[in-house]
Amino acid sequence: MKMLLSIQQKYILEVLRKLGCVRKDQLHALVRGKFQRTDFEISTARMEAMLRQLRAGVGDFRLDGDFARLARGQPDANRLEAIDVMLELSEGVPQDFTTKLETPRLLRFALGGDKLRLFSVALLSCTADPQHISRERSERIVWISNSGTPPQGLILPPKHFFAARQEDGSHRFYGSNGP
């Protein structure tokens, strides 16, 4: 028997195919952002109901505590932080995103508006020097670290930023002084 999914549930599965594993609050923010211009409000209760239905009807969908994932997806602290950065910078409404990237990038996303802007979130410990990471012309790179703080003496090239994790889980962004 095949389960009929709402467009919101189809989007949830699309998000999980791209990201593997997300915290439920991150997933709720992405779904709310995607469907904010509709008459269908994505309340916490509605989100929980959609997740329960997916768990009951989709074989590889999993709910583990605070996490929603597909069977192959496992929590990855760096990827989860990259998703937090994306949600903060996009105000919960990224145009698109992907994780199919080369190291040190963890996540790439686009922001809409007047002009499409491309961002990548990268892990600082996966490179010897951020100066040597090439980027697309319109791309901005946001660096994160396992410690949540920048290393002493970090110098970033133009259009590179560091996201310092705050105690409340949000980030403070520090940029380069270049053009």
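Residues numbered from 1 in each chain as written. Predicted model: local features only at pLDDT ≥ 70, side-chain atom pairs only at ≥ 80, totals over all residues. Heavy atoms only, no water.

A. Focus on the side chain of Arg69. Mapping Arg69 onto the fold places it in strand E3 (residues 67–70). Discounting residues that sit within four places of it in the chain, Arg69 has contacts with Leu16, Gly20, Cys21, Asp60, Phe61, Arg62, Asp64 and Gln74. (Helix = DSSP H or I, 4+ residues; strand = E, 2+ residues; numbered from the N terminus. Contact = heavy atoms within 4.5 Å.)

B. Inspection of the pattern of salt bridges at higher detail. Overall, the coordinates contain ten salt bridges when judged by the stated rule. For Glu14, the salt bridge is made with Lys18, and the minimal N-O distance between the two is 3.7 Å. Within this pair, Glu14 and its partner Lys18 are both found in helix H1 (residues 7–19), separated by four residues, close to a single helical turn. Classification of Lys18 as partly exposed rests on a relative accessible area of 24%. (Salt bridge = Lys/Arg side-chain N within 4 Å of Asp/Glu carboxyl O. Buried < 20%, exposed > 50% of the residue type's maximum accessible area, 1.4 Å probe, protein only.)

C. Representation of the pairing of E3 within the structure. Examined bridge by bridge, strand E1 (residues 21–23) and E3 share three bridges and lie antiparallel to one another. By the bridge assignment for E3, Arg23 is matched with Phe67. Strand direction decides the pairing type here: strand E2 (residues 61–64) and E3, joined by four bridges, are antiparallel. Bridging from a neighbouring strand, Phe61 pairs with Leu70 of E3. Between E2 and E3, which follow one another and run antiparallel, lie two residues, and Gly65 among them has a positive phi close to 60 degrees. (Pairing = 2+ DSSP bridges.)

D. Summary view of the pairing of strand E8 (residues 160–165). Two elements, strand E7 (residues 139–144) and E8, share three bridges in a ladder whose sense is parallel. Residue pairing for E8: Val142 is matched across the bridge by Phe161. In the sheet, E8 pairs with strand E9 (residues 171–175) via five bridges, with the strands oriented antiparallel. When the sheet's bridge partners are listed, Phe162 is paired in E9 with Tyr174.

E. Examining unusual backbone geometry more closely. Following Thr103, the chain continues into Pro104 via a peptide bond in cis, with omega recorded as 15 degrees. By secondary structure assignment, the location of Pro104 is in the loop between strand E4 (96–98) and strand E5 (105–111). Backbone geometry at Glu91 places phi at a positive 55 degrees, although glycine is not the residue there. For Glu91, the position within the fold is in the loop between helix H4 (77–90) and E4. Classification of Glu91 by relative accessible area gives exposed; the value is 72%. Non-glycine residue Lys159 carries a positive phi angle of around 65 degrees. Among the structural elements, Lys159 can be located in the loop between E7 and E8.

F. Here's a closer look at the layout of surface pockets. Within this model, the largest pocket holds a volume of roughly 220 Å³. Tyr11, Lys34, Val93, Pro94 and Gln95 are, among the 14 residues lining the largest pocket, the residues nearest its centre. Contributing elements (two or more residues each) for the lining of the largest pocket: H1, helix H2 (24–34) and E4. (1 Å grid on protein atoms, 1.4 Å probe; cavity = no way out; pocket = protein on both sides within 12 Å on 5 of 7 lines; lining within 4 Å. Points joined across faces, edges and corners; volume = space filled by probe spheres on them.)

G. A look at the packing of aromatic side chains. Counting across every chain of the model gives two aromatic pairs. The interplanar angle of 85 degrees and the centroid separation of 5.8 Å between the aromatic rings of Tyr11 and Phe35 together place this pair among those described as edge-to-face. Of this pair, Tyr11 sits in helix H1 while Phe35 sits in the loop between H2 and helix H3 (44–57); the two residues are 24 residues apart in sequence, bridging distant segments of the chain. For the pair Tyr11 and Phe35, one class covers both residues: buried. Seen from their ring centres, Phe109 and Phe119 are 5.4 Å apart, and the 10 degrees between their planes marks the pair as stacked. Highlighted residues: Phe109 in strand E5 and Phe119 in strand E6 (residues 117–123), separated in sequence by ten residues. Pair check on accessibility: Phe109 and Phe119 agree, each one buried. (Phe/Tyr/Trp six-rings, centres within 6.5 Å; stacked < 30°, edge-to-face > 60°.)

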